[in-house]
Amino acid sequence: MTADSAFRRTRYHVGVPTIRDTALVLDHHPFRDRHLIVAVLTATHGEVRGVLRSARGGRVPLAGAVQILSKVEVELFRKPTAELATFTRIDLLESSYPLARDLVRSSAAAVVAELLSTYCPPDEPAPRRFRLGSTALDALLAGIEPDRVVAYVQYWALRLGGLMPDLEALDGDPSTDELAFLIACRRVPLAELDLPVPPELRSRLDELVRGHAERQLKALDFHRQHGTAG
């Protein structure tokens, strides 16, 4: 056996990396006739995209597990040179399906998923972003005001990315209510945050997240048109 053939044989038998982790569903869209491409956020591996085969072919448990922002247990493998992973298992842990009965809550969940995807660096561990998404899911399911959840996630998505200005560096003249809400976001868990979101702060946070995003935030646009009072 030549050295070159031995090298090729070694490469051929290199094991394919397998990922097993808890994840939040960020997005999904059809792929070919029966499959889905699903994006999930894991604490250990960050955002991962993969093919979920036959998810559109009558396998109801699989289709139900990929509701936006649902918490799932995943197993998938990805070849080093492949752009997409392949899901071999996806089990539902906490469903976001109850939010589908309420347009405001379901659109808020979509905004949370969009922000996590937009502000999560690819191929990097994301434990704090994963906890942020889990906290938002629990808050929406528990009946916490959706506008408050969205603002909290906007603040922390920017802060974790180093993009949230210091309070003294905010443009314009922030109101006392704006400052109080931002200080509370930093100090108080979302479940205990009981301040309303000032309308001017809602606009300020929208402008900040849109300004730093490298794509249109379609879920946020929809939420502001159809899912936000006032």
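Just above sits the structure.
These lines cover the structure that appears in this document, whether it is placed above or below. These numbers come from a predicted model, not from an experiment.

Quick notes on the pairing of strand E2 (residues 35-42)
Regular strands show a simple pattern: their side chains alternate between the two faces of the sheet.
Logical step 1: Counting buried positions along E2 gives eight out of eight residues, so the element sits mostly inside the fold.
Logical step 2: Neither face of E2 is left uncovered, since the one carrying His35, Ile37, Ala39 and Leu41 and the one carrying Leu36, Val38, Val40 and Thr42 both have all their residues buried.
Logical step 3: Note: strand E1 (residues 18-31) against E2, eight bridges, orientation antiparallel. Looking at the pairing, Val25 lines up with Val40 of E2.
Logical step 4: Hairpin geometry of E1 and E2 is characterised by an intervening segment of three residues between the two adjacent antiparallel strands and by a positive phi of about 55 degrees at Arg32.
Logical step 5: Pairing between E2 and strand E3 (residues 46-52): seven bridges, direction antiparallel. Each residue of the ladder has a partner; that of Ile37, found in E3, is Val51.
Logical step 6: The antiparallel pairing of E2 with E3 creates a hairpin that spans three residues between the two strands.

Notes on the nonpolar core
Logical step 1: Leu69, Leu116, Val149 and Met164 are the most contacted members of the largest nonpolar core, which has 49 residues in total.
Logical step 2: Counting residues per element, the ones that place at least two in this core are E1, E2, helix H3 (103-118), helix H4 (127-141), helix H5 (146-160), helix H6 (176-187), helix H7 (199-212) and helix H8 (218-226).
Logical step 3: Broken down by element, the residue count for this core peaks at nine residues, all from H5.
Logical step 4: When sequence neighbours within four positions are dropped, the list of residues in contact with Leu69 reads Leu24, Val25, Ser96, Ala109, Val112, Ala113, Leu116, Leu137 and Leu140.
Logical step 5: In this structure, Val25, Val66, Val74 and Ala85 belong to the second largest nonpolar core, which totals 16 residues.

Some thoughts on H6
Logical step 1: In this model H6 runs 16 Å from its N-terminal to its C-terminal C-alpha over twelve residues, within 8% of the 16 Å that 1.5 Å per residue would give.
Logical step 2: Of the surrounding secondary structure, the elements contacted by the buried residues of H6 are H5 and H7.

Overview of the sheet that holds E2
Logical step 1: The strand order around the closed barrel built from five strands is E1-E2-E3-E5-E4, with neighbouring strands paired in mixed fashion. Strand-to-strand, the axes of this sheet are offset by a mean angle of 50 degrees, without reference to chain direction.
Logical step 2: Against the sheet, H3 engages E1, E2 and E3, with an angle of about 115 degrees to E1.
Logical step 3: Together, E1, E2, strand E4 (71-77) and strand E5 (85-94) form the strand contacts of H4, whose direction differs from that of E1 by roughly 65 degrees.

Cut-offs and rules
Residues numbered from 1 in each chain as written. Predicted model: local features only at pLDDT ≥ 70, side-chain atom pairs only at ≥ 80, totals over all residues. Heavy atoms only, no water. Buried < 20%, exposed > 50% of the residue type's maximum accessible area, 1.4 Å probe, protein only. Helix = DSSP H or I, 4+ residues; strand = E, 2+ residues; numbered from the N terminus. Pairing = 2+ DSSP bridges. Core = buried A, V, L, I, M, F, W, Y, C linked by side-chain atoms within 4.5 Å. Contact = heavy atoms within 4.5 Å. Expected span 1.5 Å × (residues − 1). Axes fitted to C-alpha atoms, helices over the stretch in contact; angles between N-to-C directions.

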